[in-house]
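Listed here are the chains, written in short residue letters.
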Amino acid sequence: FPPRVAESPLRVSEVQVNLGGTWNGTAFAGGRVVSSECKTLEYKLANSMETNFRIGAGGGYACSAFRGGRVQTLTMSREMRDYILQNLLDQSDTFGVRILAEGAEFDAGHKYTVEMIFPRVGVLKAPISVDGKRLAEAGEFTVLEDSTYGSAIVRVKNLVAQYAA
């Protein structure tokens, strides 16, 4: 077994979610940071991989794999303090989303980090509801393919390189 690694956790209370910005290939600019008003955030990926056994392939394993349409969604529920999601839904516009989780510093200038950048996202729905005595909304976003940067950029910074492999 490899030696045990002591790491600090990535705290949920320190996650930053930036809605409505743009990604230029090196930096995320603009948008609005959604912080304590965000209650839940979930990313789902359905890769739609189909494996098949084919005639004449030999062996006891599938010999072909085809990926159908990939489906990626982000869902977020939050206290409704402003109309950012409603406006984006009304405009039918695409925008960027950046999610950043950082932990303790493990080397000078380097922190345990997971950063997810979605260069092109669209709002599917953002229904308004009442949560206790506060307005709330549950946004559902579809992650789209950007012609230059792809659909998702994920950066992991850690002491153990195999975590991100």
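Sequence order as written defines the numbering, with residues in each chain counted from 1. Since the coordinates come from a predicted model, pLDDT governs what is reported: local features require at least 70, and pairs of side-chain atoms require 80 or more to be given and counted, while whole-chain, interface and lining totals use all residues. Hydrogens and waters are ignored; side-chain quantities use all the structure's heavy atoms.

### Section: the overall build of the protein chain
A run of H or I in DSSP counts as a helix once it spans at least four residues, and a run of E counts as a strand once it spans at least two, with each numbered from the N terminus. Each helix and strand counted, the protein chain has one helix and eleven strands in total. Reading the secondary structure of the protein chain in the N-to-C direction produces β-β-β-β-β-β-α-β-β-β-β-β. Both definitions apply: the radius of gyration is a C-alpha atom measure, and the globule rule equals 2.2 Å times residues to the power 0.38. Against the globule reference of 15 Å for 165 residues, the protein chain gives a C-alpha radius of gyration of 20 Å, more extended than a compact globule. Along the longest, intermediate and shortest principal axes, the C-alpha atoms of the protein chain span 60 × 45 × 35 Å. With a 1.4 Å probe rolled over the protein chains alone, any residue whose accessible area is under 20% of its type maximum counts as buried; one over 50% counts as exposed, and the rest are partly exposed. For the protein chain, the proportion of its 165 residues judged to be buried stands at 32%. Whether two residues are in contact is decided by their heavy atoms, any of which lying within 4.5 Å being enough. Taking all contacts inside the protein chain whose residues are at least 6 apart in sequence as the whole, residues at least 24 apart take part in 61%. When the accessible area of the protein chain is evaluated, it comes to approximately 10700 Å², of which 52% is carbon and sulfur surface. In this tally, Lys and Arg are treated as positive and Asp and Glu as negative; His is ignored, and so are the chain termini. Throughout, a charge is located at the NZ atom of Lys, the CZ atom of Arg, the CG atom of Asp or the CD atom of Glu. Within the protein chain, the 18 negative side-chain charges are centred at a point lying 3 Å from the centre of the 18 positive side-chain charges. Each accessible area is a Shrake-Rupley result for a 1.4 Å probe, and residues are judged covered by the shown protein chains and nothing else.

### Re the pattern of salt bridges
Think of a salt bridge as a Lys or Arg side-chain nitrogen and an Asp or Glu carboxyl oxygen that are within 4 Å of each other. Per the stated rule, a full pass over the model turns up eight salt bridges. Arg32 serves as the salt-bridge partner of Glu37, at 3.2 Å between the closest nitrogen and oxygen. Of the residues examined, Arg32 reaches a relative accessible area of 28% and is grouped as partly exposed. With a closest N to O distance of 3.2 Å, Glu115 and Arg155 form a salt bridge. Placement of Glu115 in strand S8 (residues 110-125) and of Arg155 in strand S11 (residues 153-157) is noted, with a sequence separation of 40 residues between them. Several salt bridges share partner residues, and in doing so they unite Arg32, Glu37, Arg78 and Glu137 into one network.

### Describing the packing of aromatic side chains
Pairing of aromatic side chains here covers Phe, Tyr and the six-membered ring of Trp, requires ring centres within 6.5 Å, and sorts the geometry by plane angle: under 30 degrees stacked, over 60 edge-to-face, intermediate tilted. Summed over all chains, the structure comprises three aromatic pairs. On the numbers, 6.0 Å between centres and 85° between planes, the contact of Phe95 with Phe141 is edge-to-face. Within this pair, whereas Phe95 is found in strand S7 (residues 95-107), its partner Phe141 is found in strand S10 (residues 134-143), the two being separated by 46 residues in sequence. Taken as a pair, Phe95 and Phe141 share a single burial class, namely buried.

### Some details on a nonpolar patch on the surface
A cluster of nonpolar side chains, namely Tyr83, Ile128, Val130 and Leu135, defines an oily patch on the protein surface of about 430 Å² accessible area. Within the element layout of this structure, Ile128 appears in strand S9 (residues 128-131). Every patch collects residues that have over 30% relative accessible area and no salt bridge, joining them within 9 Å if they carry like charges and within 5 Å if they are nonpolar side chains (Val, Leu, Ile, Met, Phe, Trp, Tyr).

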